[in-house]
Amino acid sequence: MFAFNYYTPTQVVFGRDTELKVAELIRQFGGTKVLIHYGGGSVVRSGLLKRVTDVLDAAGIDYVTLGGAVPNPRLSLVYQGIELCKREKVDFLLAVGGGSAIDSAKAIGYGVTNEGDVWDFYDYKRKATACLPLGVILTIAATGSEMSDSSVITKEEGLIKRGYSSDLGRPRFAIMNPELTMTLPDYQTACGCTDILMHTMERYFTNGGNMEITDSIAEGLLRTVMVNAEILAKDPKNYDARAEVMWAGSLSHNGLTGCGNDGGDWMTHKLEHELGGLYDVAHGAGLAAIWGSWARYVCQSCLPRFRRFAVNVMGVEPVGTDEAIALRGIEALEAFFRRIHMPTNLRELGLNPTEQELTDMAHKCAVGVNGGKGSARMLYEADMLAIFRASL
Ligand code: NZQ
Ligand code: ZN
């Protein structure tokens, strides 16, 4: 077991109608002029944005709005947001939406409070020393960005998707009303559930230090998300299932399921970020498409964890060799993905990359992780290419 620093400063306000508390929360954290940042328009269509601006109008809180954060949010909009905030003297950011709007808002927050090009942080050239305070009204359970320290941005030039992590970017508050997620298309609900599973699994499949309490929390979270993902596939308006998944999404990526280990593996995410950057696929679907190939590639190097996952999470009978049990666990998770209509390879994701594209993605991925990364197994460029090939 390793020493750890568990820091989750975000105030969570959870339940029906909680978005109506947004003005008092902004005041509590000192906001006087707000940028409301949102995505491609779902919050306009659902009426949520109007409800939020009505609350701010009634409270006399000044604001400007900026929509247009797309899935795999773009650097050019971040630059626009930074200019707007400086011009309008914004002192508080409110992201209304999912991971894309939240991540874009975090990047705007770094850009406003630090000199120079904000991309430097995503390019690992330097570290931010401040961020504008940020609050969130969450509309999709998925990334955990509402409590996490990370932000993932895509630079259009070169289609480079990179993440930057800093405690400075953690939201001050997160409003989570499970009802707000009921307008999601089924595909996005399933993508979100996959991402939630994967944030815990990245921390679970490690060779470095584990705690029983962390493992038990992780396994309970994974089982809960799977049960409720299947309920939502049939009954998308089920409030309790929405609530279970929404809270799991935050707990999965706020550090809780990584306490005591070596920081996790994270290579499924790194490989997916190449797919997201190049082909603009939904993050959760990209993870599902790559995971099985990654798991088979690294399984031997992390066998006790794969065996434990198979038995404790996927309910595999502990009969036969460890290898056979581990493999049945991998197959069981892939079967679950199919049941919620997630892809289990690149073809099912709708991609048919050329050998050159696979080579380029493996190269960019290796550069992005400074040569090599992984805890279940350390992976280098040749390994990344082998996994991409196996996932065709
Ligand atoms: O853009 P709008 O019109 O709002 O539509 C969105 C979008 O098309 C739609 N949507 C969201 N809430 C809705 C809704 N539609 C109807 N009703 C609602 N209530 O769903 C689509 C996906 O939204 P998005 O915000 O892109 O989803 P998600 O939360 O999955 O975010 C994905 C991004 O976050 C990054 C991903 O790589 C990707 O770029 N990640 C961020 C992380 C973090 N900051 O900690 C960690 C993750 O691993 C991930 O990498
Ligand atoms: Zn993710």
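Residues numbered from 1 in each chain as written. Chains lettered and ligands numbered in written order. Predicted model: local features only at pLDDT ≥ 70, side-chain atom pairs only at ≥ 80, totals over all residues. Heavy atoms only, no water.

### Comments concerning the coordination of the zinc ion (ligand 2)
Okay, so step 1: Protein-derived coordination of the zinc ion (ligand 2) comes from D195 (OD), H199 (NE2), H269 (NE2) and H283 (NE2), at a distance range of 2.0 to 2.2 Å.
Okay, so step 2: Sequence spacing of the donor residues for the zinc ion (ligand 2), all on one chain, is D-x3-H-x69-H-x13-H. With a gap of four residues between them, D195 and H199 both fall in helix α7 (residues 186–204), about one helical turn apart. When sorted by exposure, D195 lands in the same class as H199, which is buried. (Donors = N, O, S within 2.8 Å, 3.2 Å for Na, K, Ca; no water. Helix = DSSP H or I, 4+ residues; strand = E, 2+ residues; numbered from the N terminus. Buried < 20%, exposed > 50% of the residue type's maximum accessible area, 1.4 Å probe, protein only.)

### Observations concerning the pairing of strand β4 (residues 92–97)
Okay, so step 1: The buried fraction of β4 is high, at six of six residues.
Okay, so step 2: Where strand β2 (residues 33–38) meets β4, five bridges bridge the pair, whose relative direction is parallel. By the bridge assignment for β4, I36 is matched with L94.
Okay, so step 3: The sheet contact formed by β4 and strand β5 (residues 134–138) spans five bridges and is parallel. From the neighbouring strand, A95 faces β5, where its bridge partner is V136. (Pairing = 2+ DSSP bridges.)

### Brief notes about the site of ligand 1
Okay, so step 1: Near ligand 1, the surroundings consist of 32 residues, among which G40, S42, G99, S100 and D103 are the closest.
Okay, so step 2: One of the side-chain N or O atoms of S145 is found 3.1 Å from a nitrogen atom in ligand 1.
Okay, so step 3: L180 is positioned with one of its backbone polar atoms (N or O) 2.9 Å from a nitrogen atom of ligand 1.
Okay, so step 4: Compared with its free state, where it exposes 960 Å², ligand 1 has 89% of that area covered by protein.
Okay, so step 5: Elements represented by at least two residues in the shell around ligand 1 include exactly α5 (99–113), β6 (150–155), α7 and α10 (267–279).
Okay, so step 6: Looking at the shell around ligand 1, its residues break down into eight nonpolar, 21 polar and three charged.
Okay, so step 7: A domain split of the shell around ligand 1 shows at least three residues from each of domain 1 (11–180) and domain 2 (184–390). (Near = heavy atom within 4 Å. Polar contact = N/O pair within 3.5 Å; in protein donor to acceptor, adjacent residues only side chain to side chain. Areas by Shrake-Rupley, 256 points an atom, 1.4 Å probe, with all protein chains shown as cover. Nonpolar A, V, L, I, M, F, W, Y, C, P; charged D, E, K, R; others polar. Domains from an automatic or database assignment.)

### Thoughts on the nonpolar core
The tendency in soluble globular proteins is for nonpolar side chains to be buried as a group.
Okay, so step 1: With 101 residues, the main nonpolar core has W291, W294, F306 and F309 as its most contacted residues.
Okay, so step 2: The element best represented in this core is helix α11 (residues 283–298), accounting for nine residues.
Okay, so step 3: Looking at this core, you find at least three residues from each of domain 1 (11–180) and domain 2 (184–390).
Okay, so step 4: Each residue touching F306, except ones within four places of it in the same chain, is listed here: F205, W291, W294, A295, V298, C299, A326 and I330. (Core = buried A, V, L, I, M, F, W, Y, C linked by side-chain atoms within 4.5 Å. Contact = heavy atoms within 4.5 Å.)

### Here's the deal with a nonpolar patch on the surface
Okay, so step 1: Together, M1, F4 and Y6 line one region of the surface with nonpolar side chains, adding up to about 350 Å² of accessible area.
Okay, so step 2: Positionally, Y6 belongs in the segment before β1 (11–14).
Okay, so step 3: By relative accessible area, which is 37% here, Y6 ends up partly exposed. (Patch = residues over 30% accessible without salt bridge, like charges linked within 9 Å, V, L, I, M, F, W, Y side chains within 5 Å. Salt bridge = Lys/Arg side-chain N within 4 Å of Asp/Glu carboxyl O.)

### Overview of the domain arrangement of the protein chain
Okay, so step 1: Along its sequence, the protein chain is organised into domain 1 (11–180) and domain 2 (184–390).
Okay, so step 2: Placing a centre on the C-alpha atoms of domain 1 and another on those of domain 2 gives a separation of 26 Å.
Okay, so step 3: Both sides together, the interface formed by domain 1 and domain 2 hides about 2300 Å², and carbon and sulfur atoms give 59% of it.
Okay, so step 4: The three residues of domain 1 that bury the most area against domain 2 are A141, K161 and P178, which together make up 23% of that side's buried surface.
Okay, so step 5: Counting across the domain 1 and domain 2 interface gives two salt bridges.
Okay, so step 6: A salt bridge links E272 to K161; the nearest nitrogen and oxygen atoms lie 3.9 Å apart.
Okay, so step 7: Counting across the domain 1 and domain 2 interface gives nine residue pairs in polar contact (both at pLDDT 80 or more).
Okay, so step 8: Within the residue set of the side of domain 1 that touches domain 2, elements represented by two or more residues are β1, β6 and β7 (160–165).
Okay, so step 9: Its residues assigned to classes, the side of domain 1 that touches domain 2 shows 13 nonpolar, nine polar and seven charged. (Buried area = accessible area lost by both parts, 1.4 Å probe.)

### Examining the environment of V34
Okay, so step 1: Here V34 shows up in strand β2.
Okay, so step 2: Residues V34 and E88, 54 residues apart in the sequence, show an inter-C-alpha distance of 9.2 Å.

### Some words on the side chain of T154
Okay, so step 1: One can find T154 in strand β6.
Okay, so step 2: Since its relative accessible area comes to 2%, T154 is described here as buried.

### Some remarks on the sheet that holds β5
The strands that make up a sheet pair up through hydrogen bonds in the backbone, lying either parallel or antiparallel.
Okay, so step 1: If you walk across this open sheet you meet the six strands as β1-β8-β5-β4-β2-β3, and the pairing is parallel. Two strands close off the open sheet at either side, each with one partner strand: β1 and β3 (62–66). Adjacent strand axes in the sheet meet at a mean angle of 20 degrees, parallel and antiparallel pairs treated alike.
Okay, so step 2: Here β2 pairs with β3 via five bridges, running parallel. Of the residues in β3, the one forming a bridge with L35 is V64.
Okay, so step 3: α5 rests against β2, β3, β4 and β5 of the sheet, and its axis sits at about 165 degrees to β4.
Okay, so step 4: Set on the sheet, helix α9 (residues 239–253) makes contact with β1, β5 and β8 (173–176); between it and β1 the angle comes to about 175 degrees. (Axes fitted to C-alpha atoms, helices over the stretch in contact; angles between N-to-C directions.)

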